[in-house]
Amino acid sequence: MIVEDISSRKQAESELAATQTELVRVSRFTAMGELAASIAHEVNQPLSAIATNSQAALRWMSRDRPDLNEVAAALNRVYRDANLAGDVIARIRNFLSRGGIKHERIAVQHILYDLLRMLHNLFQESGVQVTVLVSPALPNLNADKVQLQQVLLNLLINAVEAMREQAPGQRLLSITVTEQATQGIVFTVCDSGPGIAPEMQPKIFDALFSTKNDGLGMGLAISRSIVENHGGWLRLEPGGDTGACFRFNIPLLP
Ligand SMILES: Nc1ncnc2c1ncn2[C@@H]1O[C@H](COP(=O)(O)OP(=O)(O)OP(=O)(O)O)[C@@H](O)[C@H]1O
Ligand SMILES: [Mg+2]
């Protein structure tokens, strides 16, 4: 009787963990997918209008007797739509940089351990060994918890994805959190994957840059905006023999 109880509880627990992992994946992809789809949609309309109107202008000009009024009208529409497309981009930038940032006092452990608990299953399924080093007695952060977790989530998922081809037992992920006098709290996420070729390094933070079949290329771009929004920086650490190390800081309030 007792044995049955325990095994059914174990099963329920592992189902719960699987659901949580799936949720992490889905909510992340939905949020990014929606953002990318809305960018694509909103920018695409003025862009195709620009293509149509510039062709019209060319046609009016290439007539035997060019109609300069029509050319000017078409070019005005081009100008208007180019501004519209620019506005969309400005709105997205604004959304990414200021969009509803909440400042709350939070403990580093709190941010990190909630997230690690959520990802436990993914790490196990992917055969990734995780080491966490958090300096003792870190001061509280003044930051948006959900956004910071989003940054860590993007870095951790990139690390797991990068190590897929490594031999089992050689998929090592380390997370270090320390305090530095001028920088505030510094987070470092390192993996033992193939690393990033020097010629690719300048591009990885660009929105929509991805080398993955199913990647949107938004993870690092969004993460960098979030961190910069908190007054910090996010970068790839130079050097290292293997793997990639990303580091970001969250400054402490004066
Ligand atoms: N830890 C890493 N090791 C190796 N390459 C990496 C690592 N992290 C990022 N990259 C490279 O940088 C690119 C951009 O990463 P980014 O997280 O912005 O997008 P993505 O992971 O491809 O897609 P998604 O939008 O789902 O995050 C990746 O496609 C990959 O080539
Ligand atoms: Mg990513």
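Preceding this paragraph is the structure being described.
Residue positions are given per chain, counted from 1 along the sequence in the order it is written. Whichever chain is written first is A, and whichever ligand is written first is 1; the rest continue in order. Only residues with pLDDT of 70 or above have their local features reported here, since the model is predicted, and side-chain atom pairs are shown and tallied only from 80 upward, although totals for entire chains, interfaces and linings are computed over all residues. Computation of side-chain values: all heavy atoms of the structure, hydrogens and water removed.

1. Observations regarding the side chain of Asn53
Which entries qualify depends on this criterion: Numbering of helices and strands runs from the N terminus; a helix is a DSSP stretch of H or I covering at least four residues, while a strand is a stretch of E covering at least two. A 1.4 Å probe rolled over the protein chains alone gives each residue an accessible area, and that area as a share of the maximum for its type sets the label: buried under 20%, exposed over 50%, partly exposed in between.
Along the polypeptide, Asn53 turns up in helix H1 (residues 2-61). Given a relative accessible area of 10%, Asn53 falls into the buried group.

2. Regarding the pattern of salt bridges
To be explicit about the condition: Salt bridges, as used here, are contacts in which a Lys or Arg side-chain nitrogen is within 4 Å of a carboxyl oxygen on Asp or Glu.
In this structure the tally under the stated criterion is six salt bridges. Arg80 is paired through a salt bridge with Asp81; the nearest N and O atoms lie 3.3 Å apart. Given a relative accessible area of 48%, Arg80 falls into the partly exposed group. Two residues, Glu237 and Arg247, come together in a salt bridge whose shortest N-O distance is 3.4 Å. With Glu237 in the loop between strand S6 (234-236) and strand S7 (245-250) and Arg247 in strand S7, this pair connects stretches of sequence that are ten residues apart. Exposure remark for Arg247: the relative accessible area of 26% places this residue in the partly exposed category.

3. Examining the nonpolar core
The following threshold applies: Residues grouped as a nonpolar core are buried Ala, Val, Leu, Ile, Met, Phe, Trp, Tyr and Cys residues, joined through side-chain atoms within 4.5 Å. Throughout, a residue-residue contact means that at least one pair of heavy atoms, one from each residue, lies within 4.5 Å.
Ranked by size, the top nonpolar core spans 42 residues in total, and within it Leu141, Leu156, Phe187 and Phe248 carry the most contacts. Listing elements by their share of this core, those giving two or more residues are helix H3 (108-125), strand S3 (141-143), helix H4 (145-162), strand S4 (172-180), strand S5 (184-191), helix H5 (219-229), S6 and S7. When residues in this core are grouped by element, the largest group, nine residues, is from H4. Setting aside residues up to four positions removed in sequence, Leu156 forms contacts with Leu115, Leu116, Leu119, Phe123, Leu173, Ile175 and Val189.

4. Observations concerning the sheet that holds S5
Using the following cut-off: Each pair of strands is called paired provided DSSP finds at least two bridges between the two strands. A fitted line through C-alpha atoms serves as each axis, taken over the contacting stretch for helices, and the angle formed by two N-to-C directions is quoted from 0 to 180°.
In space, the five strands of this open sheet follow the order S2-S4-S5-S7-S6, with mixed pairing throughout. The outermost strands of the open sheet, each flanked by one partner alone, are strand S2 (129-134) and S6. Each strand axis lies, on average, 15° off the axis of its neighbour in the sheet, ignoring direction.

5. With respect to a nonpolar patch on the surface
Quick note on the threshold: The patches reported here contain residues having more than 30% relative accessible area and no salt bridge. Joining distances are 9 Å for like charges and 5 Å for nonpolar side chains (Val, Leu, Ile, Met, Phe, Trp, Tyr). A 1.4 Å probe and the Shrake-Rupley method give the accessible areas. Residues count as covered only by the protein chains that appear here.
On the surface, Leu58, Met61 and Leu68 cluster together into a nonpolar patch covering about 330 Å² of accessible area. With respect to the helices and strands, Met61 occurs in helix H1. Of the residues examined, Met61 reaches a relative accessible area of 45% and is grouped as partly exposed.

6. Points about the site of ligand 1
Selection rule: Being near a molecule or strand, for a residue, comes down to having at least one heavy atom within 4 Å of it. As used in this structure description, the phrase polar contact means that two N or O atoms lie within 3.5 Å; if the pair is within protein, one of them must be able to donate a hydrogen and the other to accept it, and residues adjacent in sequence are counted only when both atoms belong to side chains. Segmentation of the chain into domains, including their bounds, is taken from an automatic or database domain assignment.
Neighbouring residues of ligand 1: 22 residues in total, closest Asp191, Ser210, Thr211, Lys212 and Met218. With respect to ligand 1, the side chain of Asp191 contributes an N or O atom lying 2.8 Å from a nitrogen atom. Contacts to ligand 1 include Ser210, whose side-chain N or O atom sits 2.6 Å from an oxygen atom. Secondary-structure elements contributing two or more residues to the shell around ligand 1 are H1, H4 and H5. The biggest single contributor to the shell around ligand 1 is H1, with three residues. Among the domains, domain 1 (2-98) and domain 2 (104-250) are the pair contributing at least three residues each to the shell around ligand 1.

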